[in-house]
Amino acid sequence: MRLWYEQPADSWVEALPVGNGRLGAMIFGRTDREVLSLNEDTLWSGYPRDLNPQGKADFFREAAELAKNKKYHETQELVEEELTSGWTQSYMPLGDLILDFKHNSCAVSYSRSLDISSAVASVEYSVSGVRYKREIIASAPDNIIAIRLSCSQPKSINLAMSFHCLLKSSVSVDKGFLVLKGEAPSHVEPSYSDDLQNPVIYSDRDDERGMLFAAMARVIATGGRVTSTSTTIEVEEADEAVILIDARTSFAGYDVHPYLNGKEFEGMCADNIAYAAGKAYDTILSAHVSDYRNYFDRVCLDLGESEASSLSTDKRLYRFREVQEDPSLYTLLFQYGRYLLISSSREGTQPANLQGIWNSELRPPWSSNYTININAQMNYWPTFSCNLGELQQPFVKLIEELAVNGRKTAREVYDARGFTSHHNTDLWRLTSPMGNHWKGSACFAFWNVSAGWLCRHLFDQYEYMLDQGFLKDKAYPIMKSAALFLLDVMTENSQGYLIVCPSTSPENAFIYEGRKCNISATATMTMTVVRELFGNCIKCCGILGCDPDFADELREKIKRLYPYRTGSKGQLLEWYEDYEEYEPSHRHISHLYGLYPANEITVEGTPALAEACKASLNLRGDEGTGWSLGWKINQWARLFDGDRALKLLNMQLRVVKDTGCNYTEGGGTYINMLDAHPPFQIDGNFGAASGIAEMLLQSRENRILILPALPSAWGKGCVKGLCAKGRVTVDIQWDKCFVKAKLLSDADQSVYVAIKGTDFVKLELTAGIAVEIGVVG
């Protein structure tokens, strides 16, 4: 459970991440000048603002009529001109903490590592016979980043500590603290924007000024001297040194102006460091490891070892390109995904964004925001199956806040009840269709069913946890609000079916009348989200014993929804009709949402539709961006094809050096095992972890499938601690001759269990009593 290397990182995508959900750092491990690239999860550009196109419902109705008459190009032009507005804001880099070491010769016997079983990063090397060690943690209990510097000979630690920041800022030394203070921009254009005149804006108007922030660092040295200049703190001839780092912002809520009404933050930062400084480093370390292992140790996976297990991680990945015989590399990838989620999403923090909590760029790719047409959702796919349920709390909070802002979007843009959101959001919980009137922006901007997808995470949480209080007080009210919006925007087509019109299929296009087009009368994903949300709302009404009339209304609507259709090649149609694909190998596979992450299409329940999904995947091809590969792993696992899922997992482990933007192919992993779109996007890590879990265990309602998509190459192994719906924990052990599983529930219930494609067997589970089941042969 260790990533390790024999040389420092040359670039940010070779550095190693630590995080406590709120604070993050990327560690380069350099011997002469160490760099910790720092982040704080609420440091974003901008401030709350209303970007909803005002009073646009008549234009929406006009667009719907155009689309029903198949005037798709005219529909798209109208939507882009009248129904889109500005951009989301961007997640900002906090800055770099720089440690300049005063070594008198070159380093030898070098190693840097990240132990993901304890969440401790280390750097070790020797200079002139002195062994130096650097240990870095991001502690959640103490809400701080801590560095311990030690050496094998007394009086050998000499360094100068400074801050560097890309934002408007200043650095000073005050009462023993190295202090970075600054202000985030009022606006940052997305990296893909063509507005190069004003890509980063700092306003002088108080009502348009951005987030204020501070970062502080303090050194506690054993032996030697600690001195300072106006902008640095220096350590001379110390035996050991501990550096404590914290950062805070003026963020006081998604609807509170961070400059005019922001919270106090500088005192909180200094007080927290001072409190931690009163503890021994070993006390901080022990609390950190204990807290982290409370999550990490819940799941153990063993797929075997190979000779490659002893290689450094970069050499191991390069070897894997040629020899794909390294079973414990899959284990490392799986557990690294869990490590990253524990490190980037904790109760009370912001949700993991496109890059988790790690970003070094002023204009990060896609603003490092929350892309809610796949990417933000993928971040939380492994949450419950991988036994990390509490970590979804920040995502639930985001959905709650979108449900508030989205009511105005529903009203202003669509004249509808309930709430809606579109394809992108940020710290300020933007819900309007962003796009800034770009020609072609409809492909991403005009996607008004993201709220429905987000709601599946709420119902998923109930199905795993069976918490009726959560369902009643949080999940169902939001789900009902999203369903009310869809009820109001649906219209009847010429065949009498109900459709959401017009619709897009996220970021994809087709050929219509000889030209590229992004909008049709409806789309398969749109209707699948509607069907799933209505069905889940009906289940909620039954569970809670409420809203019988509403449930009856939804039942009647479901009967009239536009059905799934198959095309001329046996594929599940993506669009309203069988149009020519503009990009046959497109990275999104949105029309297969019903297969995964939803359960609307299953091999055992809807075999014909499952075959159509298989045809679609074959037509789309295996190649793709990093996160696209992750989605396909899960799709093939749902189709019970473990060997195909493994093929995609192998592709996900391809070494990528490119940090530019590639939309079509070349996805894989950087040598620090972060997902390469390219560029870096963390969702691929979470998609891979979820995919491995899906290969080993699936559950839907009261059915549990054990080893449903086991690759033939994984002939022997065991996993402990995976979760099935219904508060059931499952341990599995297998080899070529047998499979044995142990199920432990904390609720009395009946479940049906199938092992490796055998018939379902009914089991009666009693709370707290493990039940074993197995097959031989």
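Parameters and conventions
Residues numbered from 1 in each chain as written. Predicted model: local features only at pLDDT ≥ 70, side-chain atom pairs only at ≥ 80, totals over all residues. Heavy atoms only, no water. Pairing = 2+ DSSP bridges. Helix = DSSP H or I, 4+ residues; strand = E, 2+ residues; numbered from the N terminus. Axes fitted to C-alpha atoms, helices over the stretch in contact; angles between N-to-C directions. Salt bridge = Lys/Arg side-chain N within 4 Å of Asp/Glu carboxyl O. Buried < 20%, exposed > 50% of the residue type's maximum accessible area, 1.4 Å probe, protein only. Expected span 1.5 Å × (residues − 1). 1 Å grid on protein atoms, 1.4 Å probe; cavity = no way out; pocket = protein on both sides within 12 Å on 5 of 7 lines; lining within 4 Å. Points joined across faces, edges and corners; volume = space filled by probe spheres on them. Nonpolar A, V, L, I, M, F, W, Y, C, P; charged D, E, K, R; others polar. Phe/Tyr/Trp six-rings, centres within 6.5 Å; stacked < 30°, edge-to-face > 60°. Core = buried A, V, L, I, M, F, W, Y, C linked by side-chain atoms within 4.5 Å. Contact = heavy atoms within 4.5 Å.

Asks: Could you give an account of the sheet that holds strand β4 (residues 33-40), naming the residues involved and the relevant values?
Replies: Ordered by their spatial adjacency, 7 strands build an open sheet running β2-β3-β4-β5-β10-β17-β16, and the pairing between neighbours is antiparallel. Of all the strands in the sheet, just β2 (16-19) and β16 (225-228) have a single pairing partner and so form its edges. On average, each strand axis in the sheet is tilted by 20° relative to the strand beside it, whichever way the strands run.

Asks: Residue-level account of the pattern of salt bridges, with values.
Replies: According to the stated counting rule, one finds 54 salt bridges in the structure shown. Between Asp 207 and Arg 205 there is a salt bridge whose closest N-O contact spans 2.6 Å. Of the residues examined, Asp 207 reaches a relative accessible area of 34% and is grouped as partly exposed. For Lys 539, the salt bridge goes to Glu 701, with nearest N and O atoms at 3.1 Å.

Asks: Pulling in residues and values, what's your account of helix α13 (residues 524-544)?
Replies: With 21 residues, α13 should cover 30 Å at 1.5 Å per step; its first-to-last C-alpha distance of 30 Å lies within 8% of that length. Backbone geometry just downstream of α13 places Gly 545 in the positive-phi region, at approximately 65°.

Asks: Which residues make up empty space enclosed by the protein, and what values do they have?
Replies: What the rule picks out here adds up to 6 cavities of 30 Å³ or more. Volume-wise, the largest cavity comes out at about 260 Å³. Trp 381, Asp 460, Tyr 464, Tyr 596 and Glu 694 are the residues nearest the centre of the largest cavity, which is lined by 21 residues in total. Elements that contribute at least two residues to the lining of the largest cavity include exactly α8 (382-385), α11 (450-465), α18 (683-696), β29 (697-700) and β31 (717-724). Here the lining of the largest cavity gets 4 residues from one element, more than from any other, and that element is α11. Across the lining of the largest cavity, the residue classes tally to 9 nonpolar, 7 polar and 5 charged. Size it by volume and the second largest cavity reaches roughly 80 Å³. What lines the second largest cavity is a set of 13 residues, among which Thr 524, Tyr 562, Pro 563, Tyr 564 and Arg 565 lie closest to the centre.

Asks: Mind laying out the packing of aromatic side chains, listing which residues take part and the relevant values?
Replies: All chains considered together, the criterion is met by 32 aromatic pairs. Plain terms: the ring middles of Tyr 497 and Tyr 562 are 5.7 Å apart, the flat faces sit at 85° to each other, and that makes the pair edge-to-face. Highlighted residues: Tyr 497 in the loop between β22 (490-492) and β23 (498-500) and Tyr 562 in the loop between α14 (548-560) and β26 (580-581), separated in sequence by 65 residues. Its relative accessible area of 6% is what places Tyr 562 among the buried residues. Taken together, the ring pairs connect Trp 381, Trp 447, Trp 453, Tyr 593, Tyr 596 and Trp 631 into an aromatic cluster.

Asks: Break down the layout of surface pockets for me, with residues and values.
Replies: The space that makes up the largest pocket amounts to roughly 670 Å³. For the largest pocket, the lining is made up of 32 residues, of which Gly 440, Cys 443, Phe 444, Glu 507 and Arg 587 are closest to its centre. Elements that contribute at least two residues to the lining of the largest pocket include exactly α2 (72-82), α10 (442-445) and β25 (515-517). In this structure, the second largest pocket occupies an estimated 370 Å³ of space. Along the walls of the second largest pocket sit 18 residues, with Lys 539, Asn 599, Glu 600, Arg 700 and Glu 701 positioned nearest its centre. Breaking the lining of the second largest pocket down by element, the ones donating at least two residues are α11 and α13.

Asks: With reference to specific residues and values, describe the nonpolar core.
Replies: Core analysis: the largest hydrophobic core is formed by 234 residues, its most contacted members being Leu 97, Met 161, Ile 243, Leu 696, Ile 706, Trp 714 and Leu 743. In contact with Leu 97, other than residues within four places in its own chain, are Glu 34, Val 35, Leu 36, Leu 38, Ile 147, Met 161, Ser 162, Phe 163, Leu 178, Ala 217, Ile 243 and Ile 245. In terms of nonpolar packing, the next biggest core, distinct from the first, is built from 17 residues, Ile 137, Ile 144, Ala 270 and Tyr 281 among them.

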